Amino acid sequence: MAKLYFRYGAMNSGKSTALLQAAFNYEERGHRVLLAKPSVDTKGDRDIVSRLGVVREVDFTIAPEEPVFETFQRHRTAVIAEHERDVSCLLIDEAQFLTGSQVDDLLRIALLDGIPVLAYGIRTDFQTVAFPGSRRLLEIAHSLEELKTICRCGRKAIFNTRLVDGRFVFDGDQVAIDASTELSASGVRTVTYESLCGVCYLEESAGVLNGRH
């Protein structure tokens, strides 16, 4: 039976690199794969960009509320028509940006079509709140795997902190893409992220989790 996999980790834990390595492994053995990511992830436009410098264009992007099951079937049909063989795996980058119903479609692809789905993403936002897609994946994925990275202090990093122009912030919209710019009353500001352990997160946030002491 094909399964839905959720491989998650804090920022800089190598999720995109692992996804591209998985795609390479399939293709090296002659299999066909499809790569996708939510369209809200504008970093790299249509590319999956690994921090190691590896770049690959996705086969399709997923718009908010778009039915993933139907979109996948269209691209799967095109692969079969061109290569006369079925898709062996669907790989999703930045899966935290999916909706709960879109994650349900990933499970349907695995169970009804017998095609493994590997979803990669982060669990929580910069306020330690679960993203909708990640919450649903944690609820229904067959397999959960944590990809680990290290905090600046040497402990395992579990939280993602947002910096605007190099300063930590703990309020704002849930989604702001890494290395993007945003327009504020004071002008253009640059958004970046740093992965921290729980201790360092609380030190930077003055003890605040999810906007509460």
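The structure displayed is predicted, hence computed values, not measured ones.

Applying the stated rule across the entire model yields 13 salt bridges. For Asp 41, the salt bridge identified is with Lys 37, shortest N-O distance 3.4 Å. An identical accessibility class is assigned to Asp 41 and Lys 37; each is buried. Here Arg 108 ties to Asp 105 by a salt bridge, and the two come within 2.8 Å at their closest N and O atoms. Of this pair, Arg 108 and Asp 105 both sit in helix 3 (residues 100-113), three residues apart, roughly one helical turn.

With that out of the way, let us pick up the sheet that holds strand 8 (residues 143-146). Within the open sheet, the six strands sit side by side as 5-2-6-7-1-8. Their pairing is parallel. A strand with exactly one partner marks an edge of an open sheet, and here the two such strands are strand 5 (60-62) and strand 8. The average undirected angle you get between the axes of adjacent strands in this sheet is 20°. Pairing of strand 6 (residues 87-92) with strand 7 (residues 117-121), which is carried by three bridges, proceeds in the parallel orientation. By the bridge assignment, Leu 90 is partnered in strand 7 with Val 117. Contacts from helix 2 (residues 68-83) reach strand 2 (32-38), strand 5 and strand 6, with the element oriented near 150° to strand 2. Sheet strands touched by helix 3: strand 1 (4-8), strand 5, strand 6 and strand 7. Its angle to strand 1, the strand with the most contacts, is close to 130°.

Basis of the calculations
Residues numbered from 1 in each chain as written. Predicted model: local features only at pLDDT ≥ 70, side-chain atom pairs only at ≥ 80, totals over all residues. Heavy atoms only, no water. Salt bridge = Lys/Arg side-chain N within 4 Å of Asp/Glu carboxyl O. Buried < 20%, exposed > 50% of the residue type's maximum accessible area, 1.4 Å probe, protein only. Helix = DSSP H or I, 4+ residues; strand = E, 2+ residues; numbered from the N terminus. Pairing = 2+ DSSP bridges. Axes fitted to C-alpha atoms, helices over the stretch in contact; angles between N-to-C directions. Contact = heavy atoms within 4.5 Å.

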